[in-house]
Structures are given as structure tokens and as C-alpha cells.
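# Chain and residue survey
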Number of protein chains: 2
Amino acid sequence: MATPSNHTQTADETIHGRGLRMTDQRRAVYDVIMGERDHPTAVEVFTRVRSKVPTISLATVYNCLDTLTGCGLVKTVAHERESARYCPNLEEHAHFFCEACKAVTDLPLRSRKKPEDVWEFPGEFAIASHEVSFSGTCPKCSAKPAKSNKR
Amino acid sequence: MATPSNHTQTADETIHGRGLRMTDQRRAVYDVIMGERDHPTAVEVFTRVRSKVPTISLATVYNCLDTLTGCGLVKTVAHERESARYCPNLEEHAHFFCEACKAVTDLPLRSRKKPEDVWEFPGEFAIASHEVSFSGTCPKCSAKPAKSNKR
DNA sequence: ATCTAAATAGGAATAATTCTTGATAAGGAC
DNA sequence: GTCCTTATCAAGAATTATTCCTATTTAGAT
């Protein structure tokens, strides 16, 4: 029982449940994503993981991210044509992308609301998933005196 | 006044309004997108436009698409990490991507509904735009006896 | 300790898009 | 109409993110 870390335990179980192994690389990638909840890109994950596992390759980071998302431990966030980002929040939520500071904020679903209530489906569509992203200016950047961004 | 075509006129005006020219290439690209409302990719547009302007290059198609979206005549549709698609529907709407037949369907906003009502914004976010995409199976594909897709 | 399949590192390959550059063309000044 | 300026174009090179390939390593089972 020697100080078991709470979430890693469950992740181990999930991975083993799929007949896969929790390797150092996978754990390090998972810990990076759980650690800073700032939606890093694969390259950002790579950079951070290197401090723990200096020999890891970018390809392995991509592999680990695939495995983790395949197991449902991490979610991929796509926004326009930018690099994919990774998110540890498994609750249903949307994302806000600040055009000024590039920060990504999670937007939880309001209680009792469903995305299907807002758009009209012309027929019997079977919804498997959805992705919602807002862009604009976040509170922090709105407050600032315009931030020398444009120009 | 000799038989003015309805939408092209407005597009011309919009483009001229920005100090740009309505060239053969731009018109051809615009007409392709307005013609078949099936959300083609840049390469698909390129292929179709070639029948009208056989010397056009893919780079020019990309340039024209940029110009048209910049003028607000066409909208870009991003879905996961796939090629961008282009859409002539300027009304606020979401998209449904059928995983079986790859068709993209426009989903109009229900009246008096707003996407902001569904997700919670933790602070004063200034929303400039949003993109919403659903994936799953469209009515046509749901009806079929499973379609030999997987496998 | 040995064996087998999974996983990794590293680099090559791919796909979509953007950039660069010299040539072409359109609209306005004269 | 001719000249000039600037926008636009075509073609291919370059870039970026991601995936693929393969020999080597490793974990877990026997």
C-alpha cells in the first residue's frame, strides 16, 4: 500500500484491461497531461516528457497519445487546422480558444442541456460524438489594454 | 443589364468592395462551391474547376478559396485533422459528418437557440466565432444493412 | 533463464497547405 | 491607345504535423 498515487492506479487498470502494458513512456506521457491541464500539443508533451524520460522519441509520444486516447484516458482536441491538443478532462465539455494568448479553456456543459437541442437534425442521425469549439478573447485578454498583438 | 446572373453579381460586388478583382479563376472556384453544395475539399474543387479552367493550379485554388473566405462568400469547415472543406451556406449552422459514407450535412440552428446557452463560460469571454461538428451515421447509412465498411 | 509479442527510437515518408518567384494581365493615368 | 503599377497566376519548392517502417529492446509468461 506504500503511497499509491490515485489516478495512475486507475489508468494502469484501464490499460491492462485492454491487454496493453503501462510502460514508463506511457505513464510519463499520461502524467504530463494530467499534471498541467493546459491542452498541450504533441510536441509540447514531448518537450515536457523529456525531462523525465530523456530518451523518448516524438514518434513514441504520438504512439502513447494514441494508446491513451484509444483507452479513453485522454481526449484529443482539434481546432481548425492547428496541431492536435490533448486534454485530461473526460467530462462532456466544449473548448474556448483565445486568439490573443492562445490559451484553451474547458467549457462544461450546463446541466440538463444537450447540444442536440440547439441544432436541427433533418432525419434520423445517430450521433456518436461531437466537438464544439469557440474562438475569441478570454477574460484575461479582454481586460488588458489590447495587447500588442495585431500590428 | 443583359441577363445578369443573380448570385455572381453580389459576389462581384463583394470582391470589388475589398479592392480585389473577380477573375476567371475566382469565379470558377466560387461557382463550383455554389454549384454542388456537398462540402468539397480543395483538391475536389481543383478537379471540378479544371473542367472549366483547365490551366488553373492547385495553389491558385487555395488562393481563391482564401480570398473567398476572406470576403465572407464561403466558409471553411474543419473536422478533426482531415482536409479542410468549403461550404457556401452562410447561415449559422453546424455539420454532421457521416463516418460511413463521408457525407457532410448542414444542421441549421433551431430558432431562438444559441450555442452559448448549452455550455458554461467561466468569465467574460468575447465569442468571435464557433464551430460545431457531430459525427456518427446519417439517416441513409443507418437504414442500410450495415454497409461493408469496417472489415 | 528463455521465449514471444508488444513497444520503442530514429529516421524516412506522407499529406495538406503555404510560400516563393518570375511571368501575365487588368485598370487607371496620360 | 500606350504605358505603368499592382494584383494575380502557375509551378514547384518548402513547411508542418503526423504516420509509417524497421531493427532493437523490453516486459511478462512459461
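Everything numeric in this text was worked out from a predicted model, so none of it was measured.

Rules used in this analysis
Residues numbered from 1 in each chain as written. Chains lettered and ligands numbered in written order. Predicted model: local features only at pLDDT ≥ 70, side-chain atom pairs only at ≥ 80, totals over all residues. Heavy atoms only, no water. Least-squares fit on C-alpha atoms with pLDDT ≥ 70 in both. Contact = heavy atoms within 4.5 Å. Axes fitted to C-alpha atoms, helices over the stretch in contact; angles between N-to-C directions. Helix = DSSP H or I, 4+ residues; strand = E, 2+ residues; numbered from the N terminus. Parallel < 35°, antiparallel > 145°, perpendicular 65-115°, else oblique. Left-handed = near helix turned anticlockwise from the far one by under 90°. Nonpolar A, V, L, I, M, F, W, Y, C, P; charged D, E, K, R; others polar. Salt bridge = Lys/Arg side-chain N within 4 Å of Asp/Glu carboxyl O. Buried < 20%, exposed > 50% of the residue type's maximum accessible area, 1.4 Å probe, protein only. Expected span 1.5 Å × (residues − 1). Near = heavy atom within 4 Å. Polar contact = N/O pair within 3.5 Å; in protein donor to acceptor, adjacent residues only side chain to side chain. pLDDT = per-residue confidence, 0-100.

### Things to note about the relation of the copies chain A and chain B
Note: a rotation about an axis with an accompanying shift along it relates these two copies of the chain. Once turned by 180 degrees and shifted 0.0 Å along the axis, chain A lies on chain B with an RMSD of 0.1 Å. Considering both components of the superposition, the chain copies are consistent with a two-fold axis. The C-alpha atom lying nearest the rotation axis in chain A is that of A:Val132; the distance is 2.3 Å. A shared interface surface links the copies, since 100% of the contact residues of chain A are contact residues in chain B too.

### Quick word on the packing of helix 3 (residues 42-50) of chain B against helix 4 (residues 58-70) of chain B
Residues and elements named next belong to chain B. Contact geometry for helix 3 and helix 4: axes closest at 9 Å, N-to-C directions at 110 degrees. Classified by the interaxial angle, the pair formed by helix 3 and helix 4 is roughly perpendicular. As helix 3 runs across helix 4, the sense of the crossing is right-handed. Residues Ala42, Val43, Val45 and Phe46 of helix 3 touch helix 4, and the partners they reach there are Leu58, Val61, Tyr62 and Leu65. Grouping the amino acids of the contact of helix 3 with helix 4 by side-chain chemistry returns 8 nonpolar, no polar and no charged.

### Section: the pattern of salt bridges
A side chain with one charge may pair with a side chain of the opposite charge, provided their charged atoms come close. Residues and elements named next belong to chain B. Considering all chains together, one arrives at 6 salt bridges over all chains under this definition. Of the charged contacts in the structure, one is a salt bridge between Arg27 and Asp12, with a shortest N-O distance of 3.1 Å. Residue Arg27 is found in helix 2 (residues 24-35), and its partner Asp12 is found in helix 1 (residues 6-17); the two are separated by 15 residues along the sequence. According to the relative accessible area criterion, Asp12 is buried, its value standing at 18%.

### Re helix 2 (residues 24-35) of chain A
End to end, helix 2 of chain A covers 16 Å across 12 residues, agreeing with the expected 16 Å (1.5 Å per residue, within 8%). Residues of helix 2 of chain A that are buried: A:Arg26, A:Ala28, A:Val29, A:Tyr30, A:Val32, A:Ile33 and A:Met34.

### Looking at the protein's contact with DNA strand C
Residues in contact with DNA strand C amount to 17 residues; listed here are only the nearest, A:Thr23, A:Arg26, A:Thr60, B:Tyr62 and B:Ala84. In the interface set of DNA strand C, defined as its atoms within 4 Å of the protein, sugar plus phosphate atoms amount to 76%. One of the side-chain N or O atoms of B:Tyr62 is found 2.5 Å from a phosphate oxygen in DNA strand C. Within the backbone of B:Ala84, a nitrogen or oxygen atom sits 2.7 Å from a phosphate oxygen of DNA strand C. Where the surface near DNA strand C is concerned, the elements lending two or more residues are helix 2 and helix 4 (58-70) of chain A together with helix 4 of chain B. Of the residues forming the surface near DNA strand C, the biggest block, 3 residues, is contributed by helix 4 of chain B. Across the surface near DNA strand C, the residue classes break down as 7 nonpolar, 6 polar and 4 charged.

### What about the confidence of the model for chain A?
Residues and elements named next belong to chain A. Per-chain confidence: chain A averages 90 in pLDDT, with 89% of residues scoring 70 or above. With pLDDT under 50 throughout, residues 1-8 is counted as low confidence; its partners more than four residues away or in other chains account for 6 contacts. Note that pLDDT drops below 50 for residues 147-151; the model gives that stretch 2 contacts with residues more than four away or on any other chain.

### Describing the protein's contact with DNA strand D
Residues in contact with DNA strand D amount to 17 residues; listed here are only the nearest, A:Tyr62, A:Ala84, B:Thr23, B:Arg26 and B:Thr60. Backbone atoms, meaning sugar and phosphate, make up 76% of the atoms of DNA strand D lying within 4 Å of the protein. B:Arg21 places a side-chain nitrogen or oxygen 3.1 Å from a sugar or linking oxygen of DNA strand D. In the environment of DNA strand D, a phosphate oxygen lies 3.3 Å from a nitrogen or oxygen atom belonging to the backbone of B:Thr55. For the surface near DNA strand D, the secondary structure elements donating two or more residues are helix 4 of chain A together with helix 2 and helix 4 of chain B. Of all the elements, helix 4 of chain A adds the most residues to the surface near DNA strand D, at 3 residues. When its residues are assigned to classes, the surface near DNA strand D shows 7 nonpolar, 6 polar and 4 charged.

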